[in-house]
Amino acid sequence: MAFYPARWDNRVVYGERVWPLQDRGKASFFLRGLSMRRRVLVVCAVAVVTALVSPVWSAAEHPRNVILIGWDGAQREHVDQCLGRNELPSLKRLVDQGKYVKIDIEGTTDTKAGWTQILTGYYPKVTGVYSNGRYQPVPEGLSVFERLEKQFGTESFVTVAVIGKDRHCGEIDPPQKVRLDAEEKQQNNAGDQKKKAAKKNQQPGAGKKPAGKIVEENGIQYRIVPGSPYYGMHTALEVWEFGLMEDQKVGTRAIELLDKYKDKPFFFFVHFAEVDHAGHKYGENSREYNDALISNDLWTGKIMDKIKELGLADKTQVYVTADHGFDEDGKTHKFAPYVFLATNNKAVARDGRRQDVAPTILEAFGADLAAVQPGLDGISLTKPDSRAAAKLGPAKGAQAAPKPQEPPKRPDVVYVPTPQEVVEKMLEMAQVTKDDLVYDLGCGDGRIVVAAAKTYGCRAFGFDVDPRRIKESNENVEKSGVGDLVTIVQKDIFTLDLSEVNVVTLYLLPSLNVKLIPQLEKLKPGSRIVSHDFDMQGVTPDQVVELTSANGADHTVYLWTAPLKKEPQTTTE
Ligand SMILES: [Zn+2]
């Protein structure tokens, strides 16, 4: 299988699709290029047809320009409070001219997942960008930038991105295959460069250690580093700058570029990073986080003033939105699905999702959304929404956010049973044998441990803190006649010793998987961990399998093998 999963096809065809990461790594870069180009041709063919029907600018119907301003990590509730205290006069000014709506996030509440969804209008299945730790270059042609350049012609239209972050948004690293023995050397050099760069106050982010899957070919180990999500799209723009860090630098540069490109219609993406950075350092409820929102607002205001000064105020739509919120009172955004969108586009009519932003912008510019290929996952915010309620948060089924200071004995997750076919797939991927000892952490009604004992004849322990689940599990064990192999224990899973366990099965929230890492690191080499639906941020899975259960729901199963492969650079930025 080629490096890029066959996205177009798999949306229609397969009930199950498997892409062992090993095989991805083995595909040659030449083949990768080819397969990408073929897909681009499909997109181009559609775009050419659109471009031939050349748009006529009509100020009445469509704006001449759009500016999308990103407030990375701005939590809706905190923004609401600031608005209530009149601390965000620029945002208020924008809202007074148009609309302020709620955006609820489907998918991982982090930066890569966020801006990719906002800038393309697609779910991760199309873009391949699931989270800061699981990503690939967005296939060419799918971003708003590329679509607008195609629609209006590169000569007559300007696209610009000025980005505050140096990682997770804006970086343009190509996919790489690095020999491990060479990598150490490279990292040492990069480390030196970083020190020098810091001295000279150059662009930060140099010298980071790459994350990625390790593969072996002919006895030589390589690290396959996925390309940045923006790798394919950035060349389509007139200006792509990132890593400016401070709001002042981002804002000043954006204003300079507005001056430079004022004579042509344009789409600007201006990304402010200070809110996210302050949140990670000082917490969501800090003075610093609040001040950073005020700083975002100040520079948003200066950009709006510039538009006015250039005489473009009536011809320019401005949108302000965020990629993710922030954990209430926390320094992370693991479950932070509540953000907002403010705009002077009066046609915006409703609350929406992250993936609705791109269709809204494309529609404003007069694009025929029905003709966009592949079909957009988002719906323009000017159009009615008949979708089912958003599946909030880090991943599907995660509506219940764990409260940070919950008493240890209360259940950390709302119990959702794993469908039987997913149970079977988990045990199959873990390659359970009769000699294995299987632990299910959060065993629910005991279906996984019962299936393991029945199918493979192995010993299995199920753990849960909820007495109701313990009772159900014991009934299930008795009914299934596996009482000699299966033991159900009421115990807090974070206190378990896993050193003798061969297989661990999980259906917890991602944050809880991460919390288990210190215990999972004690597993013997060769032990397996399988998780239903939720990954483990910072640890590379050996296999990721997606399948559709009988009721039509999509499921993902992750497999890790001890010792865990930690990704040093995966953060929650
Ligand atoms: Zn962050």
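Structure: see above.
(A) The arrangement of the overall build of the protein chain in detail. Scanning the protein chain from N- to C-terminus turns up 18 helices and 19 strands. Out of the 573 residues belonging to the protein chain, those deemed buried represent 47%. At a minimum sequence separation of 6, the contacts of the protein chain that also span at least 24 residues come to 74%.

(B) Just the nonpolar core, in detail. Counting 83 residues, the largest nonpolar core has Val162, Ala254, Val270, Ile303 and Ile361 as the members making the most contacts within it. What alanine 254 contacts, discounting residues up to four positions off in sequence, is Val162, Phe268, Val270 and Ile303. Judged by nonpolar contacts, the second largest core, of 49 residues, contains Val449, Ile493, Val503 and Leu512.

(C) A look at the sheet that holds strand β8 (residues 239-241). Taking strand neighbours across the sheet as the criterion, the eight strands line up as β8-β4-β9-β2-β10-β11-β3-β12 in an open arrangement whose pairing is mixed. The sheet terminates laterally at β8 and β12 (352-353), the two strands that pair on one side only. Sheet topology places strand β3 (residues 99-104) next to β12; two bridges connect them, and they run parallel. Counterpart to isoleucine 103 in the pairing with β12 is glycine 352. Sheet strands in contact with helix α5 (residues 89-97) are β3, β10 (316-321) and β11 (338-343), and its direction is about 65° off that of β11.

(D) Structural view of helix α6 (residues 111-120). In terms of burial, α6 is largely enclosed, as 10 of its 10 residues are buried. For α6, every residue scored as buried is listed here: Thr111, Lys112, Ala113, Gly114, Trp115, Thr116, Gln117, Ile118, Leu119 and Thr120. For α6, the secondary structure elements touched by its buried residues are β2 (65-71), α7 (124-127), α8 (144-152), β10 and α13 (357-364).

(E) Just the pairing of strand β13 (residues 437-441), in detail. Counting buried positions along β13 yields four of five residues, so the element is predominantly enclosed. Read from β13 through helix α15 (residues 447-456) to strand β14 (residues 459-464), the crossover connection turns out right-handed. Judged from the four bridges that link them, β13 and strand β16 (residues 503-506) form a sheet pairing that is parallel. Along β16, the bridge assignment pairs valine 438 with valine 503.

(F) View of the sheet that holds strand β6 (residues 213-217). Pairing within the open sheet is antiparallel, and its three strands lie in the order β5-β7-β6. Of all the strands in the sheet, the pair left with one neighbour each is β5 (176-179) and β6. For this sheet the average axis-to-axis angle between neighbouring strands, irrespective of direction, equals 35°. Both β6 and strand β7 (residues 220-225) contribute to a ladder of five bridges, which runs antiparallel. Paired with glutamate 216 across the strands is glutamine 221, a residue of β7.

Rules and cut-offs
Residues numbered from 1 in each chain as written. Predicted model: local features only at pLDDT ≥ 70, side-chain atom pairs only at ≥ 80, totals over all residues. Helix = DSSP H or I, 4+ residues; strand = E, 2+ residues; numbered from the N terminus. Buried ≥ 20, exposed ≤ 12 C-beta atoms within 10 Å, placed from the backbone. Contact = placed C-beta atoms within 7 Å. Core = buried A, V, L, I, M, F, W, Y, C linked by C-beta atoms within 7 Å. Pairing = 2+ DSSP bridges. Axes fitted to C-alpha atoms, helices over the stretch in contact; angles between N-to-C directions. Right-handed = clockwise from strand over helix to strand, strands pointing away.

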